[in-house]
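Each chain, written out:
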Amino acid sequence: MTATPESHVYDLVGVGIGPFNLSLAALADGVPALSTLFLDAKPAFSWHPGLLMEGTVLQVPFLADLVTMADPTSPWSYLNYLKSHERMFPFFFSERFHIPRREYDHYCRWVAESLPSCRFDARVTALVWDEAADAFALTHRSSAGAERRVLARRVVLGVGTSPVLPEPLNALTGDTHHGRILHSADYRTHRAALAALEDVTVIGAGQSGAEVALDLIRTQDGQGQGGPFVRWLARTPAFAPMEYSKLGLEHFTPDYIHYFRALPEERREQLVREQWQLYKGVSEQTLGEIHDELYERTIGGGTPRAGLHPGVELLAAEPVADGYRLTCRHSQQESEFTFHTSAVVSASGYAALRPDFLSADAGLIDWDEHGRYRVDGEYRVALRPGASGELYVQNAEMHTHGVGAPDLTLGAWRAATILNSVVGKPVVPVPDRTAWTTFGAPRTPRLPAPRAPRAAAPSGIAQ
């Protein structure tokens, strides 16, 4: 089918409408004469629908909405969302700083449905540089098969990340006989079926793993008899709380990004591995709730139908008659063991993958030696010679910008940084200093010149 062309050349086209590109769309909405378009394959906005369980909250304060950290006066703030839905007084009296995830999803959907620049049911299938038009050419297709072609001087990739399973589970995801190997991203869809099983294993020491384990424990009845036995495994040496001290959180500031970017690549790689507790830990509240649930099970002499096992790595998985046999290794004891489980929910995180549509022009991007984007301080991607447009990326730059890349706290600031780069001037000013911490070596202070020694006073004169 031939794509329907559009003669208009947009100043900016975003691919993907997750929170980060939606933040950019919201901030760009207030810039006069800037033509923008944002495309997404989904039929409507949705944010991690498989993890929107009752009682789960956002891990960042509500001020880390789509715009407030960059422009508190924007009409697309969370507070204006509350006002528009006549919920300001209930929110005020609830004294919430961390809002329900379901509400954050609804807030983002309200913004996406209100912005004329957001176009859904538009899967981008190709991105190339059109020399004749001196612009990027993007082809997108609807679910009905209709194709259109749009032109853009600048493109921002905000396609998000994809669920990743441990290698031993990859071969089992298509197992139609059992169908009980899934990523936590799909948990809510399968929750009822999992709750009816005898034994469910949860893998992963992060917030998602903790929430899935807690939710499954809560499906047990008050005596811990109904519902599945819940086994929670993690490679980390402990079920550790996320770093949430005030100074620790300064790693999620532009100041730390500037420091991180100046480090050698080898040191950046090492730091990301070492800083797992900054972005892969569990909130203290969730850990406390798990402990409380297990404590309740011991009243009257009961025994919790759950097992918590840190320091454990999954080595192999194979289907058996009524479930799976998992082989694991305990890292500190250096011992292997096996057990049977009815199903596995793997909260093993997400990874930034290369979008399929980039393969249409393999020579467009100047990838680094690891096949990743080369990203500058304004989130601009390095391109091959011949393409004079500008390509930006969001949430695919942890290797160059540090652990704050996927964090919602920095979303509005990063979007403002990109928007200012696109326009060529600070239409949404960003602060120069954002942290009390000096992450690098302090500059040597300029010492005052030495003072000349005072002459001795004559004898008999007080000094």
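Under an unreviewed UniProt entry, the name given to the chain is L-lysine N6-monooxygenase MbtG, and the source organism is Streptomyces alkaliterrae. Quoted straight from UniProt, the Cofactor (unreviewed entry) entry for the chain says "FAD". Its UniProt record gives the chain the following Pathway (unreviewed entry) comment, quoted word for word: "Siderophore biosynthesis."

Q: How do you make sense of the overall build of the chain when you look at a structure like this?
A: Of regular secondary structure, the chain possesses 13 helices and 19 strands. With the C-alpha coordinates of the chain rotated into their principal frame, the extents come out at 90 × 90 × 55 Å. Buried residues in the chain amount to 48% of all 463 residues. Taking as baseline every contact in the chain between residues at least 6 positions apart, the subset at least 24 positions apart corresponds to 70%. Per element, the accessible surface of the chain, about 23,700 Å² overall, is 53% carbon and sulfur. Each charge sign in the chain was given a centre, from 42 positive and 53 negative side chains, and these centres are 5 Å apart.

Q: I tried to follow the pattern of salt bridges on my own but got confused; where do I start?
A: Charged atoms that come close allow side chains of opposite charge to pair. Counted under the stated rule, the structure contains 26 salt bridges. Its salt-bridge partner being Glu-54, residue Arg-102 comes within 3.7 Å of it at the nearest N-O pair. One end of the pair, Arg-102, is in helix α4 (residues 101-114); the other, Glu-54, is in the loop between β3 (36-39) and α2 (78-84), and 48 residues separate them in sequence. The class for Arg-102 is partly exposed, based on a relative accessible area of 42%. Taking relative accessible area as the criterion, Glu-54 reaches 63% and is therefore assigned exposed. For Arg-154, the salt bridge identified is with Glu-390, shortest N-O distance 3.1 Å. Placement of the pair is Arg-154 in strand β8 (residues 154-157) and Glu-390 in strand β19 (residues 390-393), with a sequence separation of 236 residues. Here the salt bridges share partners, and the residues they tie into one network are Arg-154, Asp-376, Glu-378, Arg-380 and Glu-390.

Q: Sorry if this is basic, but what is going on with helix α1 (residues 19-28) here?
A: Every α-helix carries 3.6 residues per turn, so stepping three or four residues along brings you back to the same face. Judged by how many residues are buried, α1 sits mostly within the fold: ten of ten residues are covered. Taken as a whole, α1 has its buried residues at Pro-19, Phe-20, Asn-21, Leu-22, Ser-23, Leu-24, Ala-25, Ala-26, Leu-27 and Ala-28. On its buried side, α1 packs onto β2 (12-15), β3, α4, β4 (118-119), β8 and α13 (411-423).

Q: Looking at this structure, how should I read the nonpolar core?
A: The tendency in soluble globular proteins is for nonpolar side chains to be buried side by side. Ranked by size, the top nonpolar core spans 79 residues in total, and within it Leu-22, Leu-127, Leu-157 and Tyr-373 carry the most contacts. Contact partners of Leu-157, with chain neighbours within four places excluded, come to Val-15, Asn-21, Leu-127, Phe-357, Leu-358, Tyr-373, Leu-391, Tyr-392, Val-393 and Gln-394.

Q: In this structure, what is going on with helix α8 (residues 254-261)? I would like to understand it.
A: When α8 is considered as a whole, its buried residues turn out to be Pro-254, Asp-255, Tyr-256, Ile-257 and Phe-260. Buried residues along α8 sit in contact with α9 (265-274), α12 (398-401) and α13.

Q: How should the environment of Ala-415 be read in this particular structure?
A: In this structure, Ala-415 sits in helix α13. Using a relative accessible area of 0% as the deciding quantity, one classes Ala-415 as buried. Ala-415 sits 345 residues away from Ala-70 along the chain, and the two C-alpha atoms are 8.5 Å apart. The contact partners of Ala-415, leaving out residues within four places of it in the chain, are Phe-20, Ser-23, Leu-24, Leu-27 and Gln-394.

Q: Looking at this structure, I do not really get the packing of helix α6 (residues 187-195) against helix α7 (residues 207-218). What am I missing?
A: Axis angle and axis distance: for two packed helices, these are the angle between their axes and the distance between the axes, and together they describe the pair. Contact pair α6 / α7: the axes reach a minimum separation of 11 Å and the direction vectors enclose 30°. With respect to α7, the axis of α6 lies roughly parallel. The two elements α6 and α7 meet at a crossing, and its hand is right-handed. Taken together, the residues of α7 that come into contact with α6 (itself represented by Tyr-187, Arg-191 and Leu-194) are Val-212, Asp-215 and Leu-216. Of the residues that constitute the contact of α6 with α7, the class distribution is four nonpolar, no polar and two charged.

Q: For this particular structure, what's the right way to read the domain arrangement of the chain?
A: Bring the parts together and some accessible area is lost; that lost area is often taken as the interface size. For the chain, the domain assignment lists domain 1 (9-160 + 353-423) and domain 2 (165-242 + 280-348). Each of domain 1 and domain 2 was reduced to a C-alpha centroid, and the two centroids are 33 Å apart. Facing the eight residues of domain 1 at the interface are twelve residues of domain 2. For the domain 1 and domain 2 pair, buried surface summed over both sides reaches about 830 Å², with 53% attributable to carbon and sulfur atoms. It is Leu-51, Met-53 and Gln-59 in domain 1 that bury the most area against domain 2; as a group they hold 55% of the surface buried on that side. Here domain 1 is connected to domain 2 by one salt bridge. Here Glu-211 and Arg-101 are joined by a salt bridge, their closest N and O atoms 2.9 Å apart. Taken together, the connections running from domain 1 to domain 2 amount to five residue pairs in polar contact (both at pLDDT 80 or more). Here the side of domain 1 that touches domain 2 is composed, by residue class, of four nonpolar, three polar and one charged.

Scoring rules and cut-offs
- Residues numbered from 1 in each chain as written.
- Predicted model: local features only at pLDDT ≥ 70, side-chain atom pairs only at ≥ 80, totals over all residues.
- Heavy atoms only, no water.
- UniProt positions renumbered as here; feature names shortened; annotations may be inferred.
- Helix = DSSP H or I, 4+ residues; strand = E, 2+ residues; numbered from the N terminus.
- Buried < 20%, exposed > 50% of the residue type's maximum accessible area, 1.4 Å probe, protein only.
- Contact = heavy atoms within 4.5 Å.
- Areas by Shrake-Rupley, 256 points an atom, 1.4 Å probe, with all protein chains shown as cover.
- Lys, Arg positive; Asp, Glu negative; His and termini not counted.
- Charge placed at Lys NZ, Arg CZ, Asp CG, Glu CD.
- Salt bridge = Lys/Arg side-chain N within 4 Å of Asp/Glu carboxyl O.
- Core = buried A, V, L, I, M, F, W, Y, C linked by side-chain atoms within 4.5 Å.
- Axes fitted to C-alpha atoms, helices over the stretch in contact; angles between N-to-C directions.
- Parallel < 35°, antiparallel > 145°, perpendicular 65-115°, else oblique.
- Left-handed = near helix turned anticlockwise from the far one by under 90°.
- Nonpolar A, V, L, I, M, F, W, Y, C, P; charged D, E, K, R; others polar.
- Domains from an automatic or database assignment.
- Buried area = accessible area lost by both parts, 1.4 Å probe.
- Polar contact = N/O pair within 3.5 Å; in protein donor to acceptor, adjacent residues only side chain to side chain.

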